[in-house]
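What follows is the residue order along each chain.
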Amino acid sequence: MTDTRIKPIVMPKWGLSMAEGKVTGWLKPEGTAIAIGDEIVEVETDKIAGVVEAGDAGVLRRTLGTPGTVYPVKALIGVLADADVPDAEIDAFVAAFAVPEEAGAGEEAAGPRYEFVDTPAGRLRYARRGEGEKTVVLVHGFGGDLDNWLFNIDALAGAATVYALDLPGHGQSDKAVGEANLAFLSGALIAFMDALAIPRAHLVGHSMGGAVASASALEHPERVASLALIGSAGLGPEINSGYTDGFVAAGSRRDMKPVLEQLFHDPGTVTRQLIEDILKYKRLDGVDSALTALSANLFPAERQTHVLADRLKQTDAPILVVWGETDRVIPAAHAGALEGRATVEVLPGAGHMVQMEKSGRVNELLLDHLKR
Amino acid sequence: MSRTLSFKLAINEALDLEMRRDPSVILLGEDIVGGSGSPGEMDAWGGVLGVTKGLYGKHGNRLMDTPLSESAYIGAAIGAAACGMRPVAELMFLDFMGVCFDQILNQAAKFRYMFGGKAKTPVVIRAMVGAGFRAAAQHSQMLTPMFTHVPGLKVVCPSNAYDAKGLLIQSIRDDDPVIFCEHKNLYASEADVPAEPYAIPFGEANVVRDGRDVTIVSYGLTVHRALEAAQTLSKRSGIEAEVIDLRTLSPIDWDTVIESVENTGRLVVVDEANPRCSIATDVAAYVAQQAFGALKAAPQMVTAPHTPVPFSPALEDLYIPSADAIAAAVLKTHPQALAA
């Protein structure tokens, strides 16, 4: 395995609970020249369907994973190598490849997957990864939870100590949402940082979480090292209330599916398990009233209550804005609201959940942003 | 917070949470507290298999040990429900409904209708169902179809701990009489169960496995047998079965069943009840009528035989629909695979 000209493509591990994944189809045929970030192969887990992006460049010499077949995490499913590497060497590499021992047991033993912390805004669930000097806090959007960062948290953990929390009313955090307004949610974020003794953090917010992060930066600039706003609320007046109202109203698989499909550029990303996980959350006592109140206060009738772009322009911390071009919840045009003030990237082939659909590129942008 | 919990403890937790939330929730049943009722034996039993154990310590006299008279205490529960309480009565074995059936059939099920909507009867009757417990012919029946036959009753039969908790909470909050069927051979089965209260709406089936080739519809214990069969079929014959857990039998989620059969063109219904006028015949008939054009093969039914549940362990094991029998029924809907 010392030959650095040959690079394995392995079954990825998306989140701690993933042990295996199914190859559903190759997006590039054997022999294609691959650049870093190219989408190579589609993989489906019991949670979500996704795409493996190239971490290295080279020619796709072998497509070993058979569509429809399930492979364990880290199993060899393809090979990248330069065009001049002889076939015999590639065959020898494939024959000698051993799936690394399951590291999951050790990770599980090292600590629980999730932790809880008591704050004045209630008991909040969070995940923590990495040991870097910088601190990153990931803030999900309306109806979401910390697993919205499934494809990002581990990638960022190499460069920082990364926290992802469930906001009040969301995930497995307490369901009480106070006045159900932006001030309560940003207060909860600051309370979360207080409780974990985080003096200052890089805030990464998605959708409503972007507005929460922005409001926190405006109220407590000393606590916020930078902002990364992804498909963010708070940058323009329009929002698709069909999505937010539909999400609040849907109580069954059949009603929820078309609502969730609006989140993604590729509606096929919405698996049965994803729908079921969201229904399980929505069935919890208190969720319906929390979401109803938040949606009525923050997104009434196709309008966002808080547009913070002008005030953000007056702040000093670096800002990164990322959007999926085909976002059907908050229009990608809002990415222009901080043009000149922020680094702005609109990614084609992605919808509202751009951090999941184009995780490789979004992670790259976030890592660059953290260096600034 | 979510953690692994057994089916039995999930039911206990649902009762505990609803008693904490709503003071009108009370429990009645034989031995649900402590058997004889003398102080030293309080909380000793918690019902015949210990489902309510520990609740007396938390809720005291809101649990009542009743005399061995189902007609008396089921009637008392129904009367209390009509007067504004939300009683949960434990009938122990559903087989015992014979002695209290007038209270259920002619009273509870009829009040809302006969009083023009002015009365409601929010009673839950919990009872164990199903074979495989070596408990012989009078303690092992799957009598679900006898209750789905009666308008005015809701009938629930969960297959796992997560559903058991959410469906029981929904049953207690529902304003109509609910027959809540607990398969005794599922009591030890475990699942991820959130610690918080949550309610699963009635009439919402759960698609527990996706597949394109055949729809297997079931409920209760046999959902697990259907999943086992589906895995075998996938490996041996390349047949991908979609498995639907009905969860509630009244109301029943026809839309999910029909939608699935329209995709797969084939139907196998698995029901632990006896075959005549059962959930199996009901689903097969409805699909034949509503989705006849989509069917590529005759619907198949896998049920218990039309006999009492045998006491002989060997015969009892043969009595419950097995994964092999389900797989064989699926192959009957795929004549090409059978020939190959």
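On a predicted model such as this, the values are computed, not experimentally measured, just so you know.

1. Some thoughts on the overall build of chain B
Here is step 1 of the chain: Assigned secondary structure in chain B consists of 13 helices and 14 strands.
Here is step 2 of the chain: At 20 Å, chain B has a C-alpha radius of gyration in line with the 20 Å of a compact globule built from 340 residues.
Here is step 3 of the chain: Considered along the principal axes of its C-alpha atoms, chain B spans approximately 70 × 45 × 45 Å.
Here is step 4 of the chain: By residue count, 53% of the 340 residues in chain B fall in the buried class.
Here is step 5 of the chain: In chain B, the proportion of contacts linking residues at least 24 apart, taken out of those at least 6 apart, comes to 77%.

2. Comments concerning the sheet that holds strand β6 (residues 58-63) of chain A
Residues and elements named next belong to chain A.
Here is step 1 of the chain: The four strands are arranged β1-β8-β6-β3 in an open sheet whose pairing can be described as antiparallel. Of all strands in the sheet, those bounded by a partner on one side alone are β1 (6-10) and β3 (33-34).
Here is step 2 of the chain: With four bridges joining them, β6 and strand β8 (residues 76-81) adopt antiparallel strand pairing. Pairing of arginine 62 across the sheet is with valine 79, part of β8.
Here is step 3 of the chain: Running over the sheet, helix α1 (residues 87-96) touches β1, β6 and β8 and is turned about 150° from β8.

3. A short note on the pairing of strand β10 (residues 122-129) of chain A
Residues and elements named next belong to chain A.
Here is step 1 of the chain: Two elements, strand β9 (residues 115-119) and β10, share five bridges in a ladder whose sense is antiparallel. Of the residues in β10, the one forming a bridge with valine 117 is leucine 124.
Here is step 2 of the chain: Between the antiparallel neighbours β9 and β10 lie two residues.
Here is step 3 of the chain: With four bridges joining them, β10 and strand β12 (residues 161-165) adopt antiparallel strand pairing. Residue pairing for β12: tyrosine 126 is matched across the bridge by leucine 165.

4. Re the confidence of the model for chain B
Here is step 1 of the chain: Scored by pLDDT, chain B has a mean of 94; 96% of the residues are at 70 or more.
Here is step 2 of the chain: For this predicted complex, the interface confidence score (ipTM) comes to 0.87, while the overall pTM stands at 0.84.

5. Looking at the interface of chain B and chain A
Interfaces are often sized by the amount of accessible area the parts lose when they come together.
Here is step 1 of the chain: Chain B puts 14 residues into the contact, and the matching count from chain A is eight residues.
Here is step 2 of the chain: The class makeup of the residues in the side of chain B that touches chain A is eight nonpolar, two polar and four charged.

6. Description of the domain arrangement of chain A
All names here are of chain A.
Here is step 1 of the chain: Domain assignment breaks chain A into domain 1 (6-99) and domain 2 (111-371).
Here is step 2 of the chain: Computed over C-alpha atoms, the centres of domain 1 and domain 2 are 31 Å apart.
Here is step 3 of the chain: Residue-level contacts link 11 residues of domain 1 with 11 residues of domain 2.
Here is step 4 of the chain: Among the elements that take part in the side of domain 1 that touches domain 2, strand β5 (residues 49-53) stands out by supplying three residues, more than any other.
Here is step 5 of the chain: Partitioned by chemical class, the residues of the side of domain 1 that touches domain 2 number four nonpolar, three polar and four charged.

7. Quick look at the domain arrangement of chain B
All names here are of chain B.
Here is step 1 of the chain: Taken as a whole, chain B is organised into domain 1 (2-194) and domain 2 (206-339).
Here is step 2 of the chain: On a C-alpha basis, the centres of domain 1 and domain 2 stand 28 Å from each other.
Here is step 3 of the chain: Across the boundary between the two partners, domain 1 contributes 25 residues, which contact 23 residues of domain 2.
Here is step 4 of the chain: Elements with a contribution of two residues or more to the side of domain 1 that touches domain 2: α6 (144-148), β6 (154-156), α7 (161-173) and β7 (178-183).

8. Looking at the nonpolar core
Here is step 1 of the chain: If you look at the biggest cluster of nonpolar residues, it comprises 110 residues, and the most contacted ones within it are Ile216, Val268, Ile326 and Val330 of chain B.
Here is step 2 of the chain: Among the elements that take part in this core, helix α1 (residues 7-21) of chain B stands out by supplying eight residues, more than any other.
Here is step 3 of the chain: There are two domains that each give this core at least three residues, and those are domain 1 (2-194) and domain 2 (206-339) of chain B.
Here is step 4 of the chain: Setting aside residues no more than four positions away along its own chain, valine 330 of chain B makes contact with Val214, Ala229, Leu233, Ile239, Ala241 and Val268 of chain B.
Here is step 5 of the chain: Within the second largest apolar cluster, 90 residues are counted, among which are Leu185, Ala201, Leu274 and Ala309 of chain A.

9. So, the environment of leucine 17 of chain B
All names here are of chain B.
Here is step 1 of the chain: Secondary-structure assignment places leucine 17 in helix α1.
Here is step 2 of the chain: The buried category is assigned to leucine 17, around which 20 C-beta atoms lie within 10 Å.
Here is step 3 of the chain: C-alpha of leucine 17 to C-alpha of glutamate 196: the two residues are 179 residues apart in sequence and 8.4 Å apart in space.
Here is step 4 of the chain: Beyond its immediate chain neighbours, meaning those up to four positions away, leucine 17 contacts Ile169 and Pro197.

Rules used throughout
- Residues numbered from 1 in each chain as written.
- Chains lettered and ligands numbered in written order.
- Predicted model: local features only at pLDDT ≥ 70, side-chain atom pairs only at ≥ 80, totals over all residues.
- Helix = DSSP H or I, 4+ residues; strand = E, 2+ residues; numbered from the N terminus.
- Rg over C-alpha atoms; globule rule 2.2 N^0.38 Å.
- Buried ≥ 20, exposed ≤ 12 C-beta atoms within 10 Å, placed from the backbone.
- Contact = placed C-beta atoms within 7 Å.
- Pairing = 2+ DSSP bridges.
- Axes fitted to C-alpha atoms, helices over the stretch in contact; angles between N-to-C directions.
- pLDDT = per-residue confidence, 0-100.
- Nonpolar A, V, L, I, M, F, W, Y, C, P; charged D, E, K, R; others polar.
- Domains from an automatic or database assignment.
- Core = buried A, V, L, I, M, F, W, Y, C linked by C-beta atoms within 7 Å.

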